[in-house]
Amino acid sequence: MKKDKASTDIKTRTTMVIFGGTGDLTHRKLIPALYQLYINKYLPEDFSLISIGRRDKTTEEYRSDLLASTKRFSTRNLDDESFDTFSRMITYFRLDFNNEKDYERLHKELDDRDQDGVLDNYMFYLAVSPDYFTEIVENLKTSRIRKKKSNWQRLIIEKPFGQDLESATKLNAAISKVFDEKDIYRIDHYVAKEMIQNINMLRFQNAIFESIWNRTHINSVQITVLEKEGVGTRGGYYDDTGALRDMVQNHLLQLLAITAMEPPKTLDADDVRNEKVKVFKALREFTDEHLEEKLILGQYSGYQKEDKVDEDSTTETLVATKVYIDNKRWEGVPFYLLTGKALKNKTAQITIEFKNSSRYHYGANSEPNILEIKIQPDEGITLHLNVKQPGVIDKMAMVEMDYCQSCLYLFNSPDSYEKLILDAINGDSTLFTRWDELQLTWKYVDSIISSVKGSKSSYLRCYEVGSDGPPELKSFIQSGARHWWYLNREY
Ligand code: BG6
């Protein structure tokens, strides 16, 4: 994959600066990921981390907080000794996001670290509430940190990137005054999940799939991302956001694009993202006609009583929608997207339902072939086939051919953040969202939101916590597919 060219004849050092160093994301994801990269020797030799928080803390205190949280959250191996060596690369730095003087102190801290003959790489990571994105980026400019002589400076920015097309455009305009598009790394952690990265391999390295990945052979595609947890402590954020903005605009539409895109010319970042953009451009416009055939919104019972949630809230915690891609490959094939919170299971999978090609009658209706790409919690690929049951009477049975990646690798796949941080250090932006992708996905989700505006409460179906979602889901799908394969599975 294409990387930014860094000159090879100069000595460089990499300093990562995390804004939001005491926050949840840093403790749960970023530090465990950096630690794994460190013990697996993927971090550059001269790597250090400045972790920024607003609280008063010494670096020693901060490092011991990190050890405790990494023990709690890391799903992979950890030993105190190597964590200790790792944490010596980390410095805690107190800074108020809106205090210009603090950025000048940060600039001085970076200057104090300068060494003759060494050019620095700076990776600024915004792991903070989106309310601070613009402010921090502008302060990197006014404090002249951006003017510091360096090999490269990059910005990693977490979601949500805006609340709609208008606010995303405003945010993008502000950060683009300070960083070039090629140096902005917008995170969508779903894209870096192991099995999502595997889709290209599956599609483009297996002739049996490449030739049938189209409307002639595929009846429907179902993208299902379900969660067991409710909104928990994030009620304040979630109530202003809802499942359409929180999950569909980014994760689900990204999964759709990766499943549907044409083979890119190369696997370079821009070739891949160009193909995804073509899919987003081909999405059939979402209008308010026949809405009930295209959209179900749900809210779990008791949601309105969650902390920081409006007691009359009409925020959706579940979305099911039917999307068409108007191009030659997918004309007429429904893509069903389903995501929700507080459901029976936590799962993410893409199900490809092939056309039913049964010619003969074997006593029972044959089922179509189904290909399941299991993203989480299990990782793997299952292909469902019709076979003859052994016996003197011809009878058919559906069987599974199973590649269980999580069994083989003992649930030890790297976390998305390991891959994303490493790629950003290496200048590979393939798995990060380019601005034109965001524009198109926001435009699409904005049109869904405006189609129910004013009458949202009448669309909202209530569903029980721990259930499979509102009962209406079943009839919703039957117009284009046989079942919600995930919800109907008996396997
Ligand atoms: C985040 C959403 O982007 O993804 C959360 O903001 C959601 O609401 C989370 O819970 C799900 O991610 P994962 O990796 O746990 O499936």
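Note that the structure is a prediction, hence the values are computed from the model and not measured.

A. Quick look at the nonpolar core. Counting residues in each nonpolar core, the largest one holds 143 residues, and the members touching the most others are Phe19, Leu34, Tyr125, Ile350 and Ile421. At 11 residues, the largest contribution of residues to this core is made by helix α10 (residues 242-260).

B. Examining the sheet that holds strand β14 (residues 396-404) more closely. The strand order β14-β13-β12-β11-β7-β10-β9-β8-β15 describes an open sheet built from nine strands, whose pairing is mixed. Whereas interior strands pair on both sides, the edge strands pair on one side only; in this sheet they are β14 and β15 (460-463). Averaged over all pairs of adjacent strands, the angle between strand axes in this sheet comes to 20°, irrespective of strand direction. Note: strand β13 (residues 380-388) against β14, nine bridges, orientation antiparallel. Across the sheet, residue Val387 finds its bridge partner in β14, namely Ala397. Strands β11 (347-354), β12 (370-376) and β13 of the sheet are contacted by helix α7 (residues 194-204), whose axis makes an angle of about 145° with β12.

C. Layout of the packing of aromatic side chains. Following the criterion strictly, the structure yields 20 aromatic pairs and no others. A centroid spacing of 6.4 Å and a plane angle of 25° characterise the contact between Phe19 and Tyr103, whose relative ring orientation is stacked. Here Phe19 is found in strand β1 (residues 11-19), whereas its partner Tyr103 is found in helix α4 (residues 100-113), with 84 residues between them in sequence. As far as the burial class goes, Phe19 and Tyr103 line up, both buried. A ring pair is formed by Tyr38 and Phe86, whose centres lie 5.6 Å apart and whose planes are at 45°; its orientation type is tilted. Taken as a pair, Tyr38 in helix α1 (residues 24-39) and Phe86 in helix α3 (residues 80-87) lie far apart in primary sequence, 48 residues in all. For Tyr38, a relative accessible area of 25% corresponds to the partly exposed category.

D. Fine view of the state of the cysteines. Inspection of the entire model under this criterion finds one disulfide. Residue pairing for Cys404: its cysteine sulfur links by disulfide to Cys407, the two sulfurs lying 1.9 Å apart. Residues Cys404 and Cys407 share a disulfide whose torsion about the S-S bond is about 80°; that sign makes it right-handed. Here Cys407 falls in the partly exposed class, since its relative accessible area comes to 49%.

The rules behind the values
Residues numbered from 1 in each chain as written. Predicted model: local features only at pLDDT ≥ 70, side-chain atom pairs only at ≥ 80, totals over all residues. Heavy atoms only, no water. Core = buried A, V, L, I, M, F, W, Y, C linked by side-chain atoms within 4.5 Å. Buried < 20%, exposed > 50% of the residue type's maximum accessible area, 1.4 Å probe, protein only. Helix = DSSP H or I, 4+ residues; strand = E, 2+ residues; numbered from the N terminus. Pairing = 2+ DSSP bridges. Axes fitted to C-alpha atoms, helices over the stretch in contact; angles between N-to-C directions. Contact = heavy atoms within 4.5 Å. Phe/Tyr/Trp six-rings, centres within 6.5 Å; stacked < 30°, edge-to-face > 60°. Disulfide = S-S within 2.5 Å.

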